[in-house]
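One letter stands for each residue in the lines below.
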Amino acid sequence: MKFKTLIGTSVLAMAVASPAYAQDSDSSAPYGEIVVTAQRQSERLQDVPIAVSAFSAEALEKQQIVNPSALQQTLPNVTFTKTNFTSSSFTIRGIGDLCVGTTCDSATAIHVNDMPLLSTRLFESEFFDLERIEVLRGPQGTLFGRNATSGVVNFITAKPDLSAFHAAGEAEYGNYDSKRIKGMVNIPLGDTLGVRVAGTWLNRDGYTKNLYNGSRIDDRDLYAIRGSLSWEPNDDTRVDLVGYYFREKDNRSRIQKQLCHRDPTGILGCQPDKLAYETLNGNATLATILTSREFLTIAGLGALAPVALNSVYQANDAFSGVVNPPDVRTVRVDYTPTYYAKEQQYTLKLFHNFGPVSLNLTGGYMKNSVDSTSDYNLAVGNSYATNAGLNTLNAAAVPGGPLAVLNNMRQALIPNGPATVCQSQADPNGVGVFGGNGICGPTSFDYDRSRADVRQYSAEAHIDSSFDGMFNFLLGGIYFDSKTTDNDYFVNSFGLDYAAGLLGSAQSGGAAFAATPFYRNNTPEFRLKSYGLFGETYFEFNDRLKLTLGLRYNHDKKTVRARTTYLQDTKSRILLDAGGQPLLDREGNQIVTTSGASQNIFVPFGATDATSYLNDPAFDFDSTAPGNQPFAINSVSFGKLTGRAVLDYKITDDNLLYASYSRGYKSGGINPPLSPIFAVPISFAPEKVDAFEIGSKNTFGNGQFRLNLTGFYYKYKGLQLSRIVARTSVNDNINADIYGIEAEAVISPTPAFVINANFSYLKSKVSDDRFLANPRDPSGGRSDAVIIKDLFNASNCAIRPASGSGATGAQVNAFVNAVNGALGLQGTTSVPGTNTTGAFSVCSILAAAAAGSVGSFNPALAALQPGLQAAFNGGAAGSLPFVVDPSGVTVNVKGNRLPNAPTYKWAVGAQYTIDAGDWTIVPRADLNYTGGSWGTIFNKNPIDKIKGYAVINAQIQLNGPDDRFYIRGFVQNLGNTNATTGMYVTDQSSGMFTNIFTVEPRRYGIAAGVKF
């Protein structure tokens, strides 16, 4: 639905926005007051000088807020999306989880009953038996858990009612054969003790149709149960104990759709101009590169060229002719996704009122696990049955044959001939198919696996004063300890196994393969220990004017042990000239490249565990530390004093003005280890924000009209931002400015008729110069740069004229062609979607040649250098007028907008209660609009653009006498929009496809429930 159409039909009548409607039977107002704990004390929502939206249990039901995706649709300046792995991201006022990695903190803090959660299965969860949800927008550095720069989402579960027995149940059936059951029982045990048990179960068919076998994927099969025990021995003391368990096991898909405008050259894989329903060029992938004739020849393994699976110049690559169905809800995949997640939470809350002061104590423990696999390319690759190289292997790699040295490899990969290929599963032991842990089929199952185990515990206490005078205070502290183990990300394909078997066999006499035979980003342990001290003082100068001053000191220590493996560990070094001095390019940068001698880790065929081989002292997995290290082990510590100041003034009891300043802070972290040819910082810095906010909260007409307005301005320093380098996310820091306005309103002319609405405007931009390489287009948009697909690692580099050298693009092309000619490679060609050319080559060889020392890199190429000096340097010694940018030509992102930060967002909803004797009929409709945003920091139009979208929900509920039972018909996403909520651009060695994440499709059904 068009934005202009929606404006014309709905919003002109109400250009403001609202907090959620809630009904309180004890209130005489048309709608009841919501009590929140946004300042760690129970206060009326309208008395809190913070931009906070709260949803009661009834509001969640009426607005069909059943999960986080539905929650974000009703909030100003808040978005929510799934992300590429097994996580999700709330973005509040333009700030979300732009940092990607094990050691990253979430910008939006998630709390359950005030307990902070470092890692939670929020992505999978369905809401049930909640007392309310509070969403605090803006930095909450003083009071809430560990510091949060964007805001806090606090889920408050329903606690036992000690005064009476209650029970409720609901059964729902809908399309996709969806079955949902929710229930609750509340039992008082005497006058001081009570127990409450609640649970939910959901089972439905998949949203996505798989044309390959006619099945449906992306289904759900989950359940959760929560038990609460409350003890209230007197009016001053209450103890709450809450336990929660969640489990999901199904074939939910982490990725909804993969988009690509196919690059016919294979230099990029996907063109960087637009997203289309096409499939990448397989020649761009690491699996193709390392099994190509060109790579084997350059690597000195030309004798194996007859068994190469392909050529990088082949017209019929692994995905040529493969159809990507032009529909977000339809795929064609040969690997069915799997999803398994579980979580436990235990919380103890103690409150005691000592009179002038009260004590609040919250202790908690959480443990969760997730293990998910998904088709990596969302496509069925072409068969290898007629592949010439594989058929040669089958015929020649037999005992006594000309390639008998490859017999063990042949038996593992094609035991029954090329028509069926076998490949590794995502094997934590690191041996895969060569150690008996394989999977076989007619094509390559290209899939990935993401898994992790997390446990945490925390303890927080604060005391609050309630003196009669003008001064009061809150003082507290928190300790937090989290441990993540077995955090792994695997990528598997037959091509990767083939390269591992081929290189290992050739260099070990046929006895071993090169480990690991799949890509694995392995983090055996990440540990976070954190503590914080915080406090606020409150000065009530009179009944109207109050000043709040708060401070917090937070200290984090992070330690991580990690490594990345695939085939080999290659040592890096700085190229030296004949005199032993570091070689510099024309712009004064040291040239770092590989030594040319790979350190393959050989594991015997048939071994069941590669761990001891990978941990051999001869191999190094941390190029930043002296000596050989089996893992990169790094530790960082951060500490910061932050705070806030708020001045609020009550014009009347129902009209509040406030102005605030707060300092937000989020600690830095450690980047994952990479292949040493890519230079990235070991750690990334913390981010901080100076946030200024003014607001007004107003209630008029004895509750008939509520209007809350907020304006804010943020000055960000060191905002953490992720990019992909060598198949791994690394993080940088940028500065940004953000400002915006928000409005929330409720209109209730009569108790029976309620309209709620909200509106937000947001402007974000990178404030300072920041130069980053866009992985989609390594040329940086320059016509004089040549894009190179590296035949050693499948990443892209770019070659351009050195600054001020006067060299031209034609000379850069001539230089690449000269080097490629010596390597037996083809020259440059136009790369569609860019305004420049590209070629398959070797970036390190080109860098050495541009430095005037290709002979020191590879003596076999020494004869090439004099000709290059004559052609491009007038015969003089020294570096040539060209620069090799390892990750591509950088572009300045200053002025660009932040990802997932829509300029406009609004929602409007209305409900009317119709009395029919003892019965009531309540129809309700909600219209939510999220404006357009950008998917990456590069803001390249149209490929990075996320279009705005609208979601319409409607329902009608028939309530029996005294609301004891009800029947409800509902529809969600009435227009069946397939809108994108977020995107992930993959690595260059994977072909630069884009994964998108979408809203849920249209759902409709009927529900019936009872309440006692």
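The rules we used
Residues numbered from 1 in each chain as written. Predicted model: local features only at pLDDT ≥ 70, side-chain atom pairs only at ≥ 80, totals over all residues. Heavy atoms only, no water. Salt bridge = Lys/Arg side-chain N within 4 Å of Asp/Glu carboxyl O. Helix = DSSP H or I, 4+ residues; strand = E, 2+ residues; numbered from the N terminus. Buried < 20%, exposed > 50% of the residue type's maximum accessible area, 1.4 Å probe, protein only. Axes fitted to C-alpha atoms, helices over the stretch in contact; angles between N-to-C directions. Parallel < 35°, antiparallel > 145°, perpendicular 65-115°, else oblique. Left-handed = near helix turned anticlockwise from the far one by under 90°. Contact = heavy atoms within 4.5 Å. Nonpolar A, V, L, I, M, F, W, Y, C, P; charged D, E, K, R; others polar. pLDDT = per-residue confidence, 0-100. Arc of directions from axis to C-beta. Polar contact = N/O pair within 3.5 Å; in protein donor to acceptor, adjacent residues only side chain to side chain. Pairing = 2+ DSSP bridges. Phe/Tyr/Trp six-rings, centres within 6.5 Å; stacked < 30°, edge-to-face > 60°. Lys NZ or Arg CZ within 6 Å of the ring centre and 35° of its normal.

**Quick word on the pattern of salt bridges**
A full pass over the atoms with the stated rule returns 39 salt bridges. A salt bridge links aspartate 105 to lysine 558, with the shortest nitrogen-to-oxygen separation between them at 3.2 Å. Here aspartate 105, found in the loop between strand E5 (88-92) and strand E6 (108-112), pairs with lysine 558, found in strand E27 (residues 545-565); they are 453 residues apart in sequence, far enough to count as distant. Comparing aspartate 105 with lysine 558, the two get one shared label, buried. Here arginine 196 makes a salt bridge to aspartate 129, at a shortest N to O gap of 2.9 Å. Of the two residues, arginine 196 sits in strand E12 (residues 193-204) while aspartate 129 sits in the loop between strand E7 (115-117) and strand E8 (130-137), which places them 67 residues apart along the sequence. Judged by its relative accessible area of 11%, arginine 196 falls in the buried class. A single salt-bridge network, built from bridges that share partners, covers Glu126, Glu172, Arg180, Arg220, Glu248 and Arg1003.

**Remarks on the packing of helix H10 (residues 809-823) against helix H11 (residues 843-850)**
Two elements in contact, H10 and H11, have axes whose closest approach is 11 Å; the angle formed by their N-to-C orientations is 120 degrees. Judged by the inter-axis angle, H10 sits oblique to H11. In this structure, the crossing between H10 and H11 has a hand that is right-handed. Each of Phe815, Val816, Val819 and Leu823 in H10 lies in contact with H11, whose residues at this interface are Ile845, Leu846, Ala849 and Ala850. Residues belonging to the contact of H10 with H11 are distributed by class as follows: eight nonpolar, no polar and no charged.

**Some thoughts on the confidence of the model for the chain**
Atomic detail in the predicted coordinates should be set aside for any region of low pLDDT. Confidence in the prediction of the chain, expressed as mean pLDDT, is 88, and 91% of residues score 70 or more. Scored below 50 in pLDDT, residues 1-31 makes 78 contacts in the model with residues more than four places away or belonging to other chains. Taken as a whole, residues 569-585 scores under 50 in pLDDT and shows 56 contacts with residues more than four places along the chain or in a different chain.

**A word on helix H6 (residues 388-396)**
Structurally, the α-helix is built with 3.6 residues per turn, so residues lying three or four positions apart point the same way. Considered for burial, the residues of H6 that qualify are Gly389, Leu390, Leu393 and Ala396. Viewed end-on, H6 has its buried residues packed into an arc of 145 degrees, placing them on one side of the element. Away from the buried face of H6 by more than 90 degrees, exposed residues Ala388 and Ala395 are located. Tucked into the core, H6 has its buried residues touching helix H7 (407-413), strand E21 (421-424) and helix H8 (494-508). At the N-terminal boundary of H6, the capping side chain belongs to asparagine 387, with an oxygen 3.0 Å from the backbone nitrogen of glycine 389.

**Considerations on the packing of H10 against helix H13 (residues 864-872)**
At a minimum axis separation of 11 Å, H10 and H13 run at an interaxial angle of 165 degrees. With respect to H13, the axis of H10 lies roughly antiparallel. Here the hand of the crossing between H10 and H13 comes out right-handed. Between H10, through Gln811, Ala814, Phe815, Ala818, Val819 and Ala822, and H13, the contact on the second element is made entirely by Leu864, Leu868 and Phe872. Considered class by class, the residues forming the contact of H10 with H13 number eight nonpolar, one polar and no charged.

**Digging into the pairing of E6**
Among the five residues in E6, five count as buried, and that is most of the element. Taken together, the five bridges between E6 and strand E9 (residues 151-157) define a ladder with parallel strand orientation. Bridged to threonine 108 within E9 is glycine 151. Where E6 lies against E7, three bridges are found, and the strand directions are antiparallel. For histidine 111, the partnering residue across the bridge sits in E7 and is proline 116.

**So, the packing of aromatic side chains**
Enumeration according to the criterion identifies 31 aromatic pairs in this entry. Between phenylalanine 467 and phenylalanine 473, the ring centres sit 6.1 Å apart and the planes meet at 50 degrees, which makes this aromatic pair tilted. Taking 5.5 Å as the distance between ring centres and 55 degrees as the angle between the ring planes, the aromatic pair formed by tyrosine 761 and tyrosine 904 counts as tilted. Remark: tyrosine 904 occurs in strand E48 (residues 904-912) and tyrosine 761 occurs in strand E40 (residues 753-766); sequence separation between them is 143 residues. Classification of tyrosine 761 by relative accessible area gives partly exposed; the value is 23%. An aromatic cluster is present here, built from Phe467, Phe471, Phe473 and Phe539 joined pairwise through their rings. One residue, arginine 226, lies across the ring of phenylalanine 128, its end atom 4.3 Å from the ring centre. Seen from the ring of phenylalanine 621, arginine 563 lies directly overhead, with NZ or CZ sitting 5.1 Å from the centre.

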